[in-house]
Amino acid sequence: MDNTTQDLWQCYQAPLFLLTQALSCDLSFAVITAHNPASKLLSPSQNRLLDRQLLREIELIGSPYRALVGAAPDLSHMEKSWAVFIDRTMALQLGKKFNQYAIYVIEQGDVSLVPCTLDGHDEVCLGKFSDYVQLVYELPDLST
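A brief look at the structure comes next. (Residues numbered from 1 in each chain as written. Predicted model: local features only at pLDDT ≥ 70, side-chain atom pairs only at ≥ 80, totals over all residues. Heavy atoms only, no water.)

Turning to the packing of aromatic side chains, a few remarks are in order. Scanning the entire structure with this criterion turns up 6 aromatic pairs. Judged by centre distance (5.6 Å) and plane angle (75 degrees), the rings of Tyr65 and Trp82 are edge-to-face. Of this pair, Tyr65 sits in strand E3 (residues 65–71) while Trp82 sits in strand E4 (residues 78–84), and the two are 17 residues apart along the sequence. The exposure class of Trp82 is buried, given its relative accessible area of 6%. Grouping aromatic residues by their ring pairs yields a cluster made of Phe17, Phe29, Phe85, Tyr104 and Phe129. (Phe/Tyr/Trp six-rings, centres within 6.5 Å; stacked < 30°, edge-to-face > 60°. Helix = DSSP H or I, 4+ residues; strand = E, 2+ residues; numbered from the N terminus. Buried < 20%, exposed > 50% of the residue type's maximum accessible area, 1.4 Å probe, protein only.)

Encoded structure:
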């Protein structure tokens, strides 16, 4: 495993989730993005296109979902994401379909970082989901 991949994996272990409404910790869900597949930085328009494709997939599943932004703690990097109320297996399938290295799975209030396509990494329990949430009035505009 190269240093870049290891650095990314470490970064993924310190997420910040920007939400406009709190999510119940009694529910299980996954946080999935389509932005920057395989951690290749894309333009805002490319990411918007992938996000729309992911949203179509989520709507076809027919489960509830909520928009959010996954971010670095200092907000230096942000990605439009979706909290999707589906099981872990289906969430991993979506993550793999959109070529994501990992997704977040929330079960019984705990958030875990779950690898999709990163071989050699084990799932990491990060603790309470609520510790990684920041409520905001509106989600940031990621179009620039």
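Let us keep going from here.
Spatially, the 8 strands line up as an open sheet ordered E7-E6-E5-E2-E4-E3-E1-E8, and their pairing is mixed. The sheet is open, and its two edges are formed by strand E7 (124–128) and strand E8 (133–135), each paired on a single side. On average, adjacent strands in this sheet sit at an angle of 30 degrees to one another, irrespective of strand direction. Running over the sheet, helix H2 (residues 44–61) touches strand E2 (29–32), E3 and E4 and is turned about 5 degrees from E4. Each of E2, strand E5 (102–107) and strand E6 (110–115) is contacted by helix H3 (residues 88–97), which is oriented at about 160 degrees to E5, the strand it contacts most. (Pairing = 2+ DSSP bridges. Axes fitted to C-alpha atoms, helices over the stretch in contact; angles between N-to-C directions. Contact = heavy atoms within 4.5 Å.)

Turning our eyes to something else, we now look at the nonpolar core. Judged by nonpolar contacts, the single largest core of 20 residues is most densely connected at Phe17, Phe29, Tyr104, Val111 and Phe129. Only helix H1 (3–12), strand E1 (16–19), E2, E5 and E6 provide two or more residues apiece to this core. Take this core: its biggest share by element is 3 residues, from E5. Look past the residues within four positions of Phe17 in its chain and what remains in contact with it is Val31, Leu68, Val69, Gly70, Tyr104, Val111, Phe129, Tyr132, Val133 and Gln134. (Core = buried A, V, L, I, M, F, W, Y, C linked by side-chain atoms within 4.5 Å.)

Phi angles above zero are rare outside glycine, and Leu75 is one such case at about 65 degrees. Of note, Leu75 is situated in the loop between E3 and E4. Positive phi is not limited to glycine here, since Gln108 has a value of about 50 degrees.

For H2, built from 18 residues, the straight-helix expectation of 26 Å at 1.5 Å per residue is met to within 8% by its first-to-last C-alpha distance of 26 Å. One or two steps after H2, the chain reaches Gly62, where phi turns positive at roughly 85 degrees. (Expected span 1.5 Å × (residues − 1).)

Moving on to the packing of H2 against H3. Relative to each other, H2 and H3 sit at 155 degrees, their axes nearing to 11 Å. Between H2 and H3, the angle falls in the class roughly antiparallel. Seen from above, H2 lies across H3 with right-handed handedness. Counted together, Leu54, Glu57, Ile58 and Ile61 of H2 and Met90, Leu94 and Lys97 of H3 form the full contact between these two elements. Of the residues assigned to the contact of H2 with H3, the class counts are 5 nonpolar, no polar and 2 charged. (Parallel < 35°, antiparallel > 145°, perpendicular 65-115°, else oblique. Left-handed = near helix turned anticlockwise from the far one by under 90°. Nonpolar A, V, L, I, M, F, W, Y, C, P; charged D, E, K, R; others polar.)

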